[in-house]
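Structure at a glance
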Amino acid sequence: MKSKIISPLPGKTNSHLQAGAPPCRIALLGCGAVSELYHAPALRQLEAEGAAVVAAVFDPDAERAAKLCRQFPNAVCHRDESFLEKAPLDLAIVASPVSFHEAHAIRALEAGIAVLCEKPLAATTAAGDRMIAAALKHQRILAVGLLRRFYSNVQFTRQVIQNKTWGPVVSFSIQEGGPFDWPARSDSFFRKATAGGGVLLDLGVHVLDLAVHWFGEPLGLSYADDAMGGLEATCRIELSYPAGFKGTVHLSRDWKTSNLYVIKFERGTLKLRAGEAERVELELNDSSFVLESSLKNRTGPDSPAGAVSPASTFPQAFLAQLRDLIFAVRKAGRPTVPAEEGIRSLRLIERCYQNRTLMEMPWLTPEERRSALLPAAGGVR
Amino acid sequence: MKWAVLGASGFVGSRFVEKLHLTGEASVRPIVRNFSSLARLARFDLDWRVTAVSDAPKLTGALEGCDVLLHSIVGDEPVILGSIPPVYEAAHRAGIRRIVYLSSSAVHGLAPPPSTTEETPLSDRQPFAYNNAKVRAEKLWAKVRATGNVEVVGLRPSIVFGPRSRWCSDLALEALAGTAYLLRGGNGICNTIYIDNLLQAIILAARAPEVDGHYFLVRDRETITWKDFYGPILGACGANAGDVHQVEAPEFRRSLKDRLAGLRGSPLLQMIKPLFPTAAIRVGKAALEALEALPAPSEPSPWPRDEKPRPRLTAEMAALQQCDWRMPCAKAEKLLNYKPETSFSEGMERSIGWLKFAGYPVKIGG
């Protein structure tokens, strides 16, 4: 089969956004760590480019909202969500705790505002389905913040899988995670009622999104984690696919993993390191060398050798995600990761939780293990 | 009995919480310093508290209703010493009966002379900053003990291994990378204690009568050499003791950075610090930090190309592997009725099981 060059994601730069068009009016809902560390600097950049203007910032914690608000000269600080019905807005970024995603997103959609919802879309697929239904009903965009889809090495991996560049996939193994170091501002991450899940939902939503994006829906799965009445810190998933290959996923927020994605093809092995957006490592079966490289964008399918531009780094990917949304809002088009796409990993996560077993923890004494298996301790979810 | 655990997200603290919670032997309240530290503990539905030890009212509130406190806070000297007075005061206010403090056999040095016991005088002029910090911490506990009613009992383990122990994980990584090494054929004494044996000693230390102010050396019941300790983990990683680098102990010279670290924590400096204006301290601190940030000595010549992975010897490891003294635990046996329940081999088997759980490419029974 002849390989074809699959165009990378739009990778919209500011020039793709209509010159002279009024800036996209954005509301930021939730002023936690993700807003402070990522959305705020990205939005400042887009404001400087004239592509966006942050018009509203919302958080029930007035101090946090004010702190973020100060970064945006045109933003008005809000402590309740009623501003969504009153302020003229084009896009709402929902970065509140996951238990509020549904309420905040639907309220914005009902007010006629497009929504970029931080991952996970919702704590349950039922909630996600209601959000999608609201988007359809009100004919507004609902996208999910699955940022990694904008990484160049993620797009490259999809291309080589689809093109069977080194033959079909033989197997894959993914390890990702390490001691939890996100600057959490409350224990909502660690309470079942507010978080909805542990490392599988938090980190797994990214990882399983890539698994679905690359390999499609698995046929079978087995899942085990270490939750004993609370939320899992480590989990292991074994997946099997209609094409006959298998894969494993090991996630942890307890102990450092290899943070490595290894995909074996018939004629080679591709490795990606978690957290790197543009680097790849390639081993071809018929070569004794290993290629470690960073990806660049070809300027066009027929471009001469050397006509390349830097591929997305993490900040670039974050900006690309927002530009993609602004572009879709202006053109009433489809964003790269609409909710219908983003909910696929959530469905897989629910399948995992439905099939949950307790991980083998060989250091527990028999008495401890018996206790861990009791339903009251979370032995059965 | 209700336990409060300070340092509950660490290696010892988290296993202690896990064990007490699962066995129901006692109720337990983990206390951590920030929300991010809850990830491991949140596997259980627990009544945790999040507070800095410097927040006296919050810490007192976190300790209220508990009978005993395990102090297993880890860190550098300022962290270790800085935690002691506020913790003691909060424990006193909260009505804690006894504090079990996790000290270290390092107070006696990493290769203590034969005949060392708990009664051997301690020195805080050792070559390693950590050892001195632990010696000073014991002195500080004695000092604060005089200010309140809360009893303090200390334990001095040495090589604590088990699930989530750096001894196991680092060795596995070194074995996999081909950089593991043994000094003197690995025949030095490795004073191991499997984590569950340490937890057993902690519980006994909380219960035993008339041990206020005492410190106890604790270890496994077997005599273990470094070769014995390395063997099972090397095997699980597909190597064996013959594959590791056999090295001689080089002469370690303390770097400027190490010396500065020692100077910074020295009692003399801490004592005279209040005599200086804040601005002068700030300038001095900045100068020390700038010195510490000095680049490492230049790289070796690029011409000889080293194809083989080489071990990276540390002064601490070199000292530990030259230990000839099996720490006694007669005092713990007598006053705490300490009889380690888990054998070394069982502890090692569980530790390797944890390595596999954590994603290390090890083979059980390898």
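What you see as residue numbers is a count from 1 along each chain, following the sequence as written. Whichever chain is written first becomes A and whichever ligand is written first becomes 1, with later ones labelled in order. Totals for whole chains, interfaces and linings use every residue, but because this is a predicted model, local features are given only for residues with pLDDT of at least 70 and side-chain atom pairs only at 80 or more, for both listing and counting.

1. Brief notes about the interface of chain B and chain A
Rules: The contact rule is simple: place each C-beta atom from the backbone, and if two of them lie within 7 Å, those residues are in contact. Here a strand is any run of E in DSSP of at least two residues, a helix any run of H or I of at least four, and the numbering for each starts at the N terminus. Any residue that is not Ala, Val, Leu, Ile, Met, Phe, Trp, Tyr, Cys, Pro, Asp, Glu, Lys or Arg is counted as polar, Gly included; the first ten are nonpolar and the last four charged.
Between chain B and chain A, the residue contacts involve 22 residues of the former and 34 residues of the latter. Secondary structure elements with two or more residues in the side of chain B that touches chain A: helix 1 (11-23) and helix 13 (344-357) of chain B. Residue contributions to the side of chain B that touches chain A peak at four residues, all from helix 13 of chain B. A breakdown of the residues in the side of chain B that touches chain A according to their chemical character gives eleven nonpolar, five polar and six charged.

2. Things to note about the environment of V152(B)
All names here are of chain B. Locating V152 in the fold gives a position in strand 6 (residues 151-156). The sequence separation of V152 and L69 amounts to 83 residues, and the corresponding C-alpha distance is 9.5 Å. With sequence-adjacent residues up to four places away left out, V152 is seen in contact with I99, Y101, W141, R145, D212 and G213.

3. Focus on the pairing of strand 2 (residues 27-32) of chain B
The two faces of the sheet receive side chains in turn, since in a regular strand these alternate between them. Residues and elements named next belong to chain B. The cut-off we apply is this: Exposed residues have 12 or fewer other C-beta atoms within 10 Å of their own C-beta, buried residues have 20 or more, and residues in between are partly exposed; the C-beta atoms are placed from the backbone. Should DSSP find at least two bridges between two strands, the strands are taken to pair. Seen with the strands pointing away from the viewer, any crossover whose path from the first strand over the helix to the second strand runs clockwise is right-handed.
The element strand 2 is largely enclosed, with a buried count of five among its six residues. Two strands pair when backbone bridges link them, and strand 1 (residues 2-6) and strand 2 are joined in this way by five bridges, in the parallel orientation. By the bridge assignment, L6 is partnered in strand 2 with I31. The parallel pair strand 1 and strand 2, bridged by helix 1, forms a crossover whose chirality is right-handed. Inspection of the sheet shows strand 2 paired to strand 3 (residues 49-50) by two bridges, in the parallel sense.

4. Quick notes on the sheet that holds strand 4 (residues 91-94) of chain A
Residue and element names in this part refer to chain A. How we decide: The angle between two axes is taken between their N-to-C directions and runs from 0 to 180 degrees, where each axis is a line fitted to C-alpha atoms and a helix contributes only its stretch in contact.
Sheet architecture is open: six strands sit in the order 3-2-1-4-5-6, paired in parallel fashion. With one partner strand each, in any of the chains shown, strand 3 (76-78) and strand 6 (142-145) form the two edges of the open sheet. Strand-to-strand twist across the sheet, computed as the mean angle between neighbouring axes with direction ignored, equals 25°. In terms of strand pairing, strand 1 (residues 24-29) meets strand 2 (residues 52-58) through six bridges, oriented parallel. Note on strand 2: the bridge partner recorded for C24 is A52.

5. Quick notes on the packing of helix 4 (residues 101-110) of chain A against helix 5 (residues 125-138) of chain A
All names here are of chain A. Just so we agree on the cut-off: In this scheme, roughly parallel covers angles under 35 degrees and roughly antiparallel covers those over 145, while 65 to 115 is roughly perpendicular and the rest are oblique.
Look at helix 4 against helix 5: their axes get within 9 Å of each other, and the N-to-C directions meet at 5°. The orientation of helix 4 with respect to helix 5, classified from their angle, is roughly parallel. Residues E102, A105, I106, L109 and E110 of helix 4 form the contact with helix 5, whose participating residues are A127, R130, M131, A134, A135 and H138. Counted by class, the contact of helix 4 with helix 5 contains seven nonpolar, one polar and three charged residues.

6. Notes on the confidence of the model for chain A
Any residue range with low pLDDT should be treated as having predicted coordinates unsuitable for detailed reading. Definition in use: Looking at any residue, its pLDDT shows the predictor's confidence there, from 0 to 100.
Of the residues in chain A, 90% reach a pLDDT of 70 or more, and the chain-wide mean stands at 90. A low-confidence stretch, residues 1-11 of chain A stays under pLDDT 50, and its non-local contacts, those more than four residues away or across chains, total 17 contacts.

7. A closer look at helix 1 (residues 33-49) of chain A
All names here are of chain A. Which entries qualify depends on this criterion: One fewer than the residue count of a helix, multiplied by 1.5 Å, yields its expected span. To get the bend at a given residue, fit one axis to the seven residues ending there, fit another to the seven starting there, and take the angle between those axes.
Helix length check: helix 1, at 17 residues, gives a terminal C-alpha distance of 24 Å against a target of 24 Å (1.5 Å per residue), a fit within 8%. At H39, helix 1 shows its largest bend, some 40°, and a proline, P41, comes one to four positions later. What helix 1 keeps buried is the set S35, Y38, H39, A42, L43 and L46. Tucked into the core, helix 1 has its buried residues touching strand 1, strand 2, helix 2 (62-69), strand 4 and helix 10 (314-331).

8. Digging into the confidence of the model for chain B
Confidence in the prediction for chain B averages 90 pLDDT; 85% of positions are at 70 or higher. At the level of chain-chain contacts, confidence expressed as ipTM amounts to 0.86, with global pTM at 0.88.

9. Examining the sheet that holds strand 10 (residues 215-217) of chain B
Residue and element names in this part refer to chain B. With respect to topology, seven strands assemble into an open sheet ordered 3-2-1-4-5-6-10, the strand pairing being parallel. The open sheet is flanked by strand 3 and strand 10, the only strands paired with a single partner. Summarising the sheet, strand 4 (residues 68-71) and strand 5 (residues 98-102) pair through four bridges and their orientation is parallel. Bridge assignment links L69 to a residue of strand 5, and that residue is I99. Relative to strand 6, helix 4 (residues 129-145) is tilted by about 170°, and along the sheet it contacts strand 5, strand 6 and strand 10.

10. Concerning the packing of helix 5 (residues 166-177) of chain B against helix 7 (residues 226-236) of chain B
Residue and element names in this part refer to chain B. Heads up, the rule is: Crossing chirality is assigned from the near helix's rotation relative to the far helix, an anticlockwise turn below a right angle marking it left-handed and a clockwise turn marking it right-handed.
For the pair helix 5 and helix 7, interaxial distance at closest approach is 9 Å and the crossing angle is 55°. Regarding the angle of helix 5 to helix 7, the classification is oblique. Where helix 5 crosses over helix 7, the handedness of that crossing is right-handed. In this structure, helix 5 contributes C168, L171, A172 and A175 to the contact, and helix 7 contributes Y230, I233 and L234. Residue composition of the contact of helix 5 with helix 7, by class: seven nonpolar, no polar and no charged.

11. Observations concerning the environment of A358(B)
Looking at where A358(B) falls in the secondary structure, it is placed in the segment after helix 13. Here the alpha-carbon distance between A358(B) and E119(B), two residues 239 residues apart in the chain, equals 40 Å.

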